[in-house]
Amino acid sequence: MTIEVRPLGDDAWQQAFTMMELSFGETWPQDAAEVEQARFEPDRSIGAFVGDTMAGHAAIYSFTMTVPGPRALDVAGVSLVGVLPTHRRRGVLTALMRHQLHDLHESGREPVAVLTASEPAIYGRYGYGCATQWAYAEINRAKRAMRPVPGADEVTVRYADPEKSLDVCAGVREAIVPTRPGYFRHNEPWRRGEVADPESERGGASALRCVLAEREGEVTGFAYYRSKSNWEPGGPNGTTVVQRVHATDTASYAALWQFLADQDLMAKVTHRRLSLDDPLLTWLRDSRAAMVTVRDGMWARLVDVGRALSERRYTTPVDLVLEVRDDLCPWNAGRWHLAGDESGASCGRVDREPDLVLEVADLGAAYFGRPVLAALGAAGVAEERTPGSLTAATRAFTSDALPLLDTPF
Ligand SMILES: CC(C)(COP(=O)(O)OP(=O)(O)OC[C@H]1O[C@@H](n2cnc3c(N)ncnc32)[C@H](O)[C@@H]1OP(=O)(O)O)[C@@H](O)C(=O)NCCC(=O)NCCS
């Protein structure tokens, strides 16, 4: 089967839309599709053609994302990936992935690609590693007691119209973007998408609610949530479904969570995308009040190892030769000398014996600051040639705050 991958023309959105419906086995509700269409970048959309039939599709969003440093790095957000059920397991996805990565390299655009996976078994073979995790937390209201946080009592929480307060909320989020690797800046369509609130995505819950945290008249945080009531014979058993909580200071963040966790008629509060080091999990006096399920969040792929590794910063000084294995992107394969610290970094080709030997996907897993390298070594996946180099690399790559993707795409 001959597969030709090429950019799509004027009707790129319509082609992508049709492919998503067929490949995901869904009817895409109009209100949700409109939100996606506003974010779509038609000139970064590609199709895989078998004869006249578009058998597969993939797109890229242009993101500027926080990487350890903190630094703002342009990354390619791969999305809208699907292959027609009639053409599966014949290499269509592989052709799309190869084209995208080779094209990014040849054009010299983003040195890192990121995505979220419908199924985690798919993308490792293309050099993507699991770079962030999501904790799905379900907090029992009866056990919500929290440790006191100085200053939280001075913060007031009030309702605001999500649309009218969009700018002020976006301003709060913009201020916290540098605080965690994995946060990306929202441009206008992504900002608007935050409050678009398509009815088809409410899951039977209320419209989106917005509350603002304020201190002395100044907005210091906000939360988006929905309420899902549930009247049972034994009593009210509703859920507060939290979408987002952000604040520019700890006390405001605590005040917002105290409000969300204590809603009458709601027996529990849920959040799908919490970080495992979120302060909420420390504040809860009963550590089992939050039942947490952890899963993969964002996957990262170093498109250009040298550029990617020199663009981020390192928590402790690092001076190592890495031997990288990368079959799909041969320009990455081989030995790289990485030298860096908190203030700068360089990474260039070298012809010296390596300290560490690892797959490009494992570098992707560590890139945003997740402390995974030691575990990969213990699992026999990353090979330590110079004793102590795994510990040194783990410390240097690990960020103070765990990386998190707070905006799924
Ligand atoms: C996932 C999907 C894109 C794969 O497309 P495809 O053209 O069948 O993939 P390929 O033929 O190029 O497969 C390449 C390899 O990935 C494997 N693979 C493909 N889909 C997989 C899956 N869902 N789980 C595990 N492995 C998978 C293939 O077995 C093959 O393995 P091999 O290299 O060892 O032979 C396609 O099945 C699809 O559209 N699924 C539904 C929508 C979806 O999940 N999209 C991804 C969104 S993130």
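Residues numbered from 1 in each chain as written. Predicted model: local features only at pLDDT ≥ 70, side-chain atom pairs only at ≥ 80, totals over all residues. Heavy atoms only, no water.

### Describing the sheet that holds strand 21 (residues 383-384)
- Reading across from one edge, 19-18-17-20-21 is the order of the five strands in this open sheet, with mixed pairing throughout. With partners counted over all chains shown, the strands left at the sheet margins are strand 19 (345-349) and strand 21, one partner each.
- Two strands pair when backbone bridges link them, and strand 17 (residues 318-325) and strand 20 (residues 356-359) are joined in this way by four bridges, in the parallel orientation. Bridging across to strand 20, Glu323 finds its partner in Val357.
- Contacting strand 17 and strand 20, helix 9 (residues 360-367) runs over the sheet at an angle of about 90° to strand 20. (Pairing = 2+ DSSP bridges. Helix = DSSP H or I, 4+ residues; strand = E, 2+ residues; numbered from the N terminus. Contact = heavy atoms within 4.5 Å. Axes fitted to C-alpha atoms, helices over the stretch in contact; angles between N-to-C directions.)

### Comments concerning the site of the ligand
- Among the 21 residues in the neighbourhood of the ligand, the closest are listed as Arg89, Gly91, Thr94, Ser118 and Glu119.
- The backbone of Arg89 places a nitrogen or oxygen atom 2.7 Å from an oxygen atom of the ligand.
- Contacts to the ligand include Thr94, whose side-chain N or O atom sits 2.8 Å from an oxygen atom.
- The set of elements that each furnish at least two residues to the shell around the ligand consists of helix 1 (12-24), strand 4 (71-83) and helix 3 (92-107).
- Class assignment for the residues of the shell around the ligand results in 10 nonpolar, six polar and five charged. (Near = heavy atom within 4 Å. Polar contact = N/O pair within 3.5 Å; in protein donor to acceptor, adjacent residues only side chain to side chain. Nonpolar A, V, L, I, M, F, W, Y, C, P; charged D, E, K, R; others polar.)

### Brief notes about the packing of helix 4 (residues 166-176) against helix 5 (residues 188-196)
- Between helix 4 and helix 5, the shortest axis-to-axis distance is 11 Å and the interhelical angle comes to 115°. The hand of the helix 4/helix 5 crossing is right-handed. In this structure, helix 4 contributes Leu166, Asp167 and Ala170 to the contact, and helix 5 contributes Arg191, Arg192 and Val195.
- Here the residues of the contact of helix 4 with helix 5 sort into three nonpolar, no polar and three charged. (Left-handed = near helix turned anticlockwise from the far one by under 90°.)

### With respect to empty space enclosed by the protein
- As enumerated under the stated definition, the model contains one cavity of 30 Å³ or more in all.
- Every residue along the wall of the largest cavity is listed here: Leu166, Cys169, Ala170, Arg173, Glu174, His186, Arg191, Glu194, Phe222 and Tyr224.
- Elements represented by at least two residues in the lining of the largest cavity include exactly helix 4, helix 5 and strand 10 (218-228).
- With five residues, the single largest contributor to the lining of the largest cavity is helix 4. (1 Å grid on protein atoms, 1.4 Å probe; cavity = no way out; pocket = protein on both sides within 12 Å on 5 of 7 lines; lining within 4 Å. Points joined across faces, edges and corners; volume = space filled by probe spheres on them.)

### Points about helix 4
- All buried positions along helix 4 are accounted for by Leu166, Cys169, Ala170, Val172, Arg173 and Ile176. One side of helix 4 carries all its buried residues, which in axial view fall inside an arc of 155°.
- On the buried face of helix 4, the contacting elements are helix 5, strand 9 (209-215), strand 10 and strand 13 (238-247). (Buried < 20%, exposed > 50% of the residue type's maximum accessible area, 1.4 Å probe, protein only. Arc of directions from axis to C-beta.)

### A short note on the UniProt feature "binding site: acetyl-CoA" (unreviewed entry) in the protein chain
- According to UniProt, the feature "binding site: acetyl-CoA" (unreviewed entry) maps to Val81, Gly82, Val83, Arg89, Arg90, Gly91, Val92, Leu93, Thr94, Ser118 and Glu119 in the numbering used here.
- Topologically, Thr94 is positioned in helix 3.
- Its relative accessible area of 32% is what places Thr94 among the partly exposed residues.
- Structurally, Ser118 is set in the loop between strand 5 (112-115) and strand 6 (129-130). (UniProt positions renumbered as here; feature names shortened; annotations may be inferred.)

### Some remarks on the sheet that holds strand 4
- Across the sheet, which stays open at both edges, the seven strands sit in the order 1-2-3-4-5-16-6 with mixed pairing between neighbours. At either margin of the open sheet sits one strand with a lone partner, and together these are strand 1 (4-7) and strand 6.
- Of the pairings in the sheet, the one linking strand 5 to strand 16 (residues 299-302) comprises four bridges and is antiparallel in character. Across the sheet, Val114 pairs through a bridge with Ala300, a residue of strand 16.
- Helix-sheet contacts for helix 9 involve strand 3 (53-67), strand 4, strand 5, strand 6 and strand 16, and the interaxial angle to strand 16 is about 120°.

### Here we look at the pairing of strand 18 (residues 334-340)
- Of the strand pairs in this sheet, strand 17 and strand 18 are connected by seven bridges, and their pairing is antiparallel. Residue pairing across strands places Asp319 opposite Ala339, the latter belonging to strand 18.
- Between the end of strand 18 and the start of strand 19, which pair antiparallel, lie four residues.

### Things to note about the UniProt feature "domain: N-acetyltransferase" (unreviewed entry) in the protein chain
- As recorded in UniProt, the sites labelled "domain: N-acetyltransferase" (unreviewed entry) are residues 3-150.
- Taken end to end, residues 3-150 comprises 26% helix and 34% strand; its first and last C-alpha atoms sit 61 Å apart.

### Examining the pairing of strand 3
- Buried residues dominate strand 3, accounting for 12 of its 15 residues.
- Bridging between strand 2 (residues 46-50) and strand 3 involves five bridges; their strand directions are antiparallel. Its bridge partner being in strand 3, Gly47 is matched across the sheet by His57.
- Connecting strand 2 to the next strand, strand 3, in antiparallel fashion are two residues, including Gly51 with a positive phi near 60°.
- As judged from the 11 bridges shared by strand 3 and strand 4, these two strands associate in the antiparallel manner. Note on strand 4: the bridge partner recorded for Ala59 is Ser79.
- Following strand 3, the chain reverses through three residues before pairing antiparallel with strand 4; Gly69 in that reversal takes a positive phi of roughly 160°.

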